[in-house]
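# Remarks on the overall topology
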Amino acid sequence: MGLLNIFARRRSRLPLQLPVGTFTVNKLGAITASTLPRSFPLQCAHEIAEAVVATFKEARASRLPLAELNVTYPGLKVAARDLGGGAIIFLLPRTMGQN
Amino acid sequence: MGANGRLDKTLLSPKAYRRSMSEMTQPERPTPRILLVDDDREFLRVYRELLLKQPGQPEVRTAETGQRALAMLEAGQFDLLLCDLKMAKVDGFQVLAIVRRKHPQLRTMVLTGLAEEQFRARAYAIGVDLFLQKPTTPEETKLFLECVESLLGAGATAGFRGIQSKALVDIIQLECLSLSSSVLRVSQGVQEGRIWFLSGEIIDATTADLVGARAFERILSWKNGTFEVLPPEPERTRTVFSSYQTLLLETAHVLDEIQAEQLDPAHTEMLRKASLAELARTQGVEFILATTKPDATESWGVENAEKVAEWTRRTVERFQTLGENLKLGVPGQMDGSTTQRHVVLARRGDRAICLGLQRALAPEQIRQTVNTLLLKWAS
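What counts as what
- Residues numbered from 1 in each chain as written.
- Chains lettered and ligands numbered in written order.
- Predicted model: local features only at pLDDT ≥ 70, side-chain atom pairs only at ≥ 80, totals over all residues.
- Heavy atoms only, no water.
- Helix = DSSP H or I, 4+ residues; strand = E, 2+ residues; numbered from the N terminus.
- Contact = heavy atoms within 4.5 Å.
- Areas by Shrake-Rupley, 256 points an atom, 1.4 Å probe, with all protein chains shown as cover.
- Buried < 20%, exposed > 50% of the residue type's maximum accessible area, 1.4 Å probe, protein only.
- Buried area = accessible area lost by both parts, 1.4 Å probe.
- Salt bridge = Lys/Arg side-chain N within 4 Å of Asp/Glu carboxyl O.
- Polar contact = N/O pair within 3.5 Å; in protein donor to acceptor, adjacent residues only side chain to side chain.
- Pairing = 2+ DSSP bridges.
- Axes fitted to C-alpha atoms, helices over the stretch in contact; angles between N-to-C directions.
- Parallel < 35°, antiparallel > 145°, perpendicular 65-115°, else oblique.
- Nonpolar A, V, L, I, M, F, W, Y, C, P; charged D, E, K, R; others polar.
- pLDDT = per-residue confidence, 0-100.
- Arc of directions from axis to C-beta.
- Phe/Tyr/Trp six-rings, centres within 6.5 Å; stacked < 30°, edge-to-face > 60°.

## As for the overall build of chain A
- When its secondary structure is counted, chain A shows two helices and five strands.
- If you list the helices and strands of chain A from N to C, you get α-β-β-α-β-β-β.
- The contacts in chain A between residues at least 6 apart in sequence include a share of 41% that link residues at least 24 apart.
- Here chain A displays about 5700 Å² of accessible surface, and carbon together with sulfur accounts for 58% of that area.

## Focus on the overall build of chain B
- The helix and strand inventory of chain B stands at twelve helices and 14 strands.
- Residues classed as buried in chain B amount to 43% of the 379 residues present.
- Summarising the internal contacts of chain B: among those between residues at least 6 apart in sequence, 56% fall at separations of at least 24.

## With respect to the interface of chain B and chain A
- On the side of chain A, 37 residues touch chain B, which itself brings 46 residues to the contact.
- Carbon and sulfur atoms supply 61% of the area buried between chain B and chain A, which totals about 3700 Å² over both sides.
- Where chain B meets chain A, there are two salt bridges.
- Close ionic contact of Glu58 of chain A with Arg314 of chain B constitutes a salt bridge, the shortest N to O distance being 2.9 Å.
- Here chain B and chain A share twelve residue pairs in polar contact (both at pLDDT 80 or more) between them.

## Observations concerning the sheet that holds strand 4 (residues 107–112) of chain B
Residues and elements named next belong to chain B.
- Taken together, five strands build an open sheet; the order of strands is 2-1-3-4-5 and the sheet is parallel. Looking at which strands have only one partner, the edges of the open sheet turn out to be strand 2 (59–63) and strand 5 (130–133). Going across the sheet, the axis of each strand differs from the next one's by a mean of 20°, ignoring polarity.
- One ladder, built from five bridges, connects strand 1 (residues 33–37) with strand 2; its direction is parallel. The partner of Val37 across the bridge, within strand 2, is Ala63.
- On the sheet, helix 2 (residues 41–52) packs against strand 1, strand 2, strand 3 (80–83) and strand 4 and is oriented at approximately 160° with respect to strand 1.
- Contacting strand 1 and strand 2, helix 3 (residues 66–75) runs over the sheet at an angle of about 140° to strand 2.

## Some thoughts on the sheet that holds strand 9 (residues 226–230) of chain B
Residue and element names in this part refer to chain B.
- Taken in spatial order, the four strands line up as 8-7-6-9 in an open sheet, and their pairing is antiparallel. Bordering the open sheet on either side are strand 8 (201–206) and strand 9, each of which pairs with just one other strand. Strand-to-strand twist in this sheet, taken as the mean axis angle between neighbours without regard to direction, amounts to 20°.
- With five bridges connecting them, strand 7 (residues 191–198) and strand 8 associate as antiparallel partners. Paired with Phe197 across the strands is Ile202, a residue of strand 8.
- On the sheet, helix 8 (residues 213–221) packs against strand 6 (182–188), strand 7 and strand 8 and is oriented at approximately 80° with respect to strand 8.

## Side note on the packing of helix 2 (residues 42–61) of chain A against helix 11 (residues 305–325) of chain B
- Running from N to C, helix 2 of chain A and helix 11 of chain B point in directions that differ by 175°, and their axes come no closer than 10 Å. It follows from the interaxial angle that helix 2 of chain A and helix 11 of chain B lie roughly antiparallel. Here Glu47, Ile48, Ala51, Val52, Ala54, Thr55, Glu58, Ala59 and Ala61 of chain A of helix 2 of chain A come into contact with helix 11 of chain B, specifically with Lys307, Trp311, Arg314, Thr315, Arg318, Phe319, Leu322 and Asn325 of chain B.
- Grouping the constituent residues of the contact of helix 2 of chain A with helix 11 of chain B by class yields nine nonpolar, three polar and five charged.

## Some details on the confidence of the model for chain B
All names here are of chain B.
- Per-residue confidence for chain B averages 78 on the pLDDT scale, and 80% of its residues sit at or above 70.
- For chain B, the element scoring lowest by mean pLDDT is helix 1 (residues 14–25), at 46; strand 1 scores highest, at 95.
- For the stretch residues 1–12, pLDDT sits under 50, and the model shows twelve contacts to residues farther than four places along the chain or on other chains.
- Segment residues 15–27 is flagged for pLDDT under 50; beyond a separation of four residues in sequence, or across chains, it makes seven contacts in the model.

## Details of helix 3 of chain B
Residues and elements named next belong to chain B.
- Every buried residue of helix 3 is listed here: Gly66, Ala69, Leu70, Met72 and Leu73. With its buried residues spanning 160° around the axis, helix 3 presents them on a single face.
- Those residues of helix 3 hidden inside the fold are in contact with strand 1, strand 2 and helix 4 (92–102).

## Brief notes about the packing of aromatic side chains
Residue and element names in this part refer to chain B.
- With the rule as written, the count across this model stands at three aromatic pairs over all chains.
- On the numbers, 4.3 Å between centres and 25° between planes, the contact of Phe43 with Tyr47 is stacked. Taken as a pair, Phe43 and Tyr47 lie in helix 2 at a separation of four residues, close to a single helical turn. Across this residue pair, the class does not change: Phe43 and Tyr47 are buried.

## Focus: the pairing of strand 4 of chain B
Residues and elements named next belong to chain B.
- Strand 4 sits mainly inside the fold: six of its six residues count as buried.
- Where burial is concerned, the two faces of strand 4 agree: the one with Arg107, Met109 and Leu111 and the one with Thr108, Val110 and Thr112 are both buried.
- Examined bridge by bridge, strand 3 and strand 4 share four bridges and lie parallel to one another. Note on strand 4: the bridge partner recorded for Leu80 is Arg107.
- Sheet topology places strand 4 next to strand 5; four bridges connect them, and they run parallel. Bridge pairing in strand 5 links Thr112 to Gln133.

Shown next, in the form of structure tokens:
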């Protein structure tokens, strides 16, 4: 089967589509529930979760116990709420002209 | 030619002599080099032929993969990169992000079939010069070729790329010389300014906290950013009464003086310390912390400055890395809240700032306060 593949037209991979959805993570960073589309790689969700959970944890250690966190990228807004160690994370794609 | 290799003017007519001298002294304009990247071979073939027919007869090279394109850019100098987004293994965003870092002088255009707004926003966030969808009509093809010409021309004459003030001056002069009526909106990060034109005269300018000629000076001091031309507002109240030439000359003079002062390290240090204290006195501000170097911190009103500074640096770095890994672009300011206050983080180059604001502030007040503080801190 591998030989036949060399004649197959090389398919372009679509750049990462930014999702809209919500997922919750526990204090270990494991995803416990999610409404994210299956097309969004799990690894990407884990990376976002790790960043959020680490930020909340370190903020607590610095005596700045954040209850919520918003990070705005040009194409995506990440909004998170602390859940006593874990977090609920909202992903909201943005378009040009939005604040 | 005379025996000594110089032009012997006694052998030429005056007109021919003058033409020959002109040809000898005028530097030859180098042939522009374009790199076209797409995994569709047919597209590459068609567009290469199209581009070769352009005035200026550019040299057009092609690459079918992102890796090949990056290797070609390392090996040779190009003036313009035309890049698809949808490619296997290394997609267009990855190529553009690497190009922005390693070849900042290279003009870049995305040429894609993808119409979604999120891709456009991400491409401009990375710093491309232009985002176009692949032409499907003769008019769109004509526009595409005009854009290519424009980018090649801008690259040839603009000098140092990224110094927005120079391109901005050109745009302003163009609006004035063409007796245009329009509004020019200029953005640099969180800062935004506008310049109003009426029949070729500059009648008003504003930034967040300045109006008139002072706002015009502030806008022209920005070294990079984006701009767009908006519909005119003929009813705008006039606050600028100088001619555009006078305004540009005076602004250039002021900016030269500012630059000379900024080159004095002692003066810069003094201004920096004074400005942080002043920022801390802004209504609604509970604390300010700024990290200026890897281990240097200045703060007002923070109890455990070192820990907060470390958290600030790590958080800014963390989300910057996340943005690179997931190709989200560079994060703007980050904000959050505790039970007692709002917290805002922002980064400018190798500096980061953490602001603590009163919890009671309304969202609009927070936005205005933060914008004003960041504007002053950045300047």
